[in-house]
Amino acid sequence: MNTMLTIVCLLVLGTLGSGDTLPDRLQALKFGRNEDSYISFVPGMAISQITHEASVCAWLKNPSENKYSTVFTYNGHNFRLAGRGMYNHVGSSSSSYFPSTTPSSVTAVLAEWHHVCLTFSAASKEAKYYVNGEVVATKSAISGTISYGSSYKVTVGNFAPGSSRYYGGEVTDLNVYSRTLTGEEVQEKYMAGMCFQERGSQEDSKVLSWNDVLKQPRTGSVTEFVPPIPHCEVMVLKEEMEEQNKKIEDLIEEVTTLRKCQKKCKSTE
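Residues numbered from 1 in each chain as written. Predicted model: local features only at pLDDT ≥ 70, side-chain atom pairs only at ≥ 80, totals over all residues. Heavy atoms only, no water.

Asks: Is there a simple way to think about the pairing of strand E5 (residues 79-82) in this case?
Replies: The alternating pattern of E5 places Phe79 and Leu81 and Arg80 and Ala82 on opposite faces, both of which are buried. Note that strand E4 (residues 70-74) and E5 share 4 bridges and pair antiparallel. Along E5, the bridge assignment pairs Phe72 with Leu81. Taking the residues that link successive antiparallel strands as the turn, the E4-E5 hairpin has 4 residues, and the phi of Asn75 there is positive, at about 55°. Inspection of the sheet shows E5 paired to strand E6 (residues 89-90) by 2 bridges, in the antiparallel sense. (Buried < 20%, exposed > 50% of the residue type's maximum accessible area, 1.4 Å probe, protein only. Helix = DSSP H or I, 4+ residues; strand = E, 2+ residues; numbered from the N terminus. Pairing = 2+ DSSP bridges.)

Asks: I tried to follow the nonpolar core on my own but got confused; where do I start?
Replies: A general tendency of soluble globular proteins is for nonpolar side chains to be buried together. Core analysis: the largest hydrophobic core is formed by 42 residues, its most contacted members being Ile50, Phe72, Phe79, Val171, Leu174 and Val176. The element that contributes the greatest number of residues to this core is strand E3 (residues 53-61), accounting for 4 residues. Aside from chain neighbours lying at most four places away, what touches Val176 is Ile50, Ser55, Val56, Phe72, Phe79, Ser205, Lys206, Val207 and Leu208. (Core = buried A, V, L, I, M, F, W, Y, C linked by side-chain atoms within 4.5 Å. Contact = heavy atoms within 4.5 Å.)

Asks: Any chance you could explain the pairing of strand E7 (residues 114-121) here in plain terms?
Replies: A regular strand places its side chains so that they alternate between the two faces of the sheet. By the criterion of burial, E7 is predominantly enclosed, with 8 of the 8 residues buried. Because side chains alternate across E7, one face comprises the buried residues His114, Val116, Leu118 and Phe120, and the other comprises His115, Cys117, Thr119 and Ser121, equally buried. As paired elements, E3 and E7 share 8 bridges and run antiparallel to each other. Paired with Ala54 across the strands is Phe120, a residue of E7. The sheet contact formed by E7 and strand E8 (residues 126-131) spans 6 bridges and is antiparallel. Residue pairing for E8: Cys117 is matched across the bridge by Tyr130. The hairpin turn running from E7 into E8, its antiparallel successor, is 4 residues long, and Lys125 in that turn takes a positive phi close to 55°.

Asks: Help me understand the pattern of salt bridges, please; the structure alone is not making it clear to me.
Replies: For side chains of opposite charge, pairing can occur when their charged atoms come near one another. Across all of its chains, the model carries 5 salt bridges by this definition. With a shortest N-O distance of 3.3 Å, Glu203 and Lys206 are connected by a salt bridge. The exposure class assigned to Glu203 is partly exposed, which follows from its relative accessible area of 35%. Its salt-bridge partner being Arg218, residue Glu224 comes within 2.6 Å of it at the nearest N-O pair. On the accessibility criterion, Glu224 (37% relative accessible area) is partly exposed. Exposure remark for Arg218: the relative accessible area of 31% places this residue in the partly exposed category. (Salt bridge = Lys/Arg side-chain N within 4 Å of Asp/Glu carboxyl O.)

Asks: Could you clarify how one ought to interpret the sheet that holds strand E10 (residues 154-156) in this entry?
Replies: Sheets are built from strands paired through backbone hydrogen bonds, the pairs being either parallel or antiparallel. Strand order in the open sheet formed by 5 strands is E2-E10-E4-E5-E6, with antiparallel pairing between adjacent strands. This sheet does not close on itself; its edge strands, each paired only once, are strand E2 (39-41) and E6.

Asks: How should I be thinking about helix H3 (residues 183-192) in this particular structure?
Replies: In an α-helix there are 3.6 residues to a turn, and that puts residues three or four apart on one side. Of the residues making up H3, those classed as buried are Glu185, Val186 and Lys189. All buried residues of H3 lie within an arc of 100° about the axis, which places them on one face of the element. Of the exposed residues in H3, those oriented more than 90 degrees away from the buried face are Glu184 and Met191. Just beyond H3, the residue with positive phi is Gly193, at close to 85°. (Arc of directions from axis to C-beta.)

Asks: Can you help me understand the packing of aromatic side chains in this one?
Replies: Each aromatic ring pair is characterised by the separation of its centres together with the angle its planes make. For the coordinates displayed, the defined rule picks out 6 aromatic pairs. Measuring from centroid to centroid gives 6.4 Å for Phe31 and Tyr167, while their planes differ by 70°, and the two rings are edge-to-face. Taken together, the residues span a long stretch of sequence, with Phe31 in strand E1 (residues 28-31) and Tyr167 in the loop between E10 and strand E11 (170-177) at a distance of 136 residues. Comparing Phe31 with Tyr167, the two get one shared label, buried. Aromatic rings pair up to connect Tyr68, Tyr87 and Tyr97 into one cluster. (Phe/Tyr/Trp six-rings, centres within 6.5 Å; stacked < 30°, edge-to-face > 60°.)

In short, the description is geometric, and any link to function would need to be established separately.
Given below as structure tokens:
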């Protein structure tokens, strides 16, 4: 085997050996049903971009019966994603909670994995709450923006550390974006399922990722597990194989070009 083919083989073997078979986006967290089980931390500067446009999305399952159940907040009421579909909140106004009761369509799916998104646009003064790709509640005439502070904390699993508004359920793939996701984008995320791998503008506008959350210290009973998602690991492996195949094709093309160049060089000697 000549030197060039040896190098290609080594590169291919190295490529096939890289990557995890179970990406972090498939890891889930289960929070204890008490005020002492949560994750709270000061996020990076990137979150300062959510003041005028923002979205937070996640997959949820089996929240506690606490009607004030909260899965995510950025500085408390400032930006709050509810655990049971009621009392979402955006901005500083105390009248921005919505909806005031859990929609029946939400109650029907609380015990199973369901996809939620809370979006906000200061330009339209509007926030929308989506469940399984559909808008179930809208809040109009929202005044002001989402405020930013260098010491403001993100809390996952509760409204704030030690609050009685704890979540007490399961969550995975919680991400925050500095953009108002469209209805079509939210629908796409839901329809693609829990294996969805973001690309393009959604990935570029992500200011807090699920992987960021998983790296943070945990307080109380916060258990990491892999949810039993049918065919999900197979889909992930398929994605990885497609990526590896593309790399191999690129390497082969480079070798072919080099060989042509070598033959041309020899013919001119």
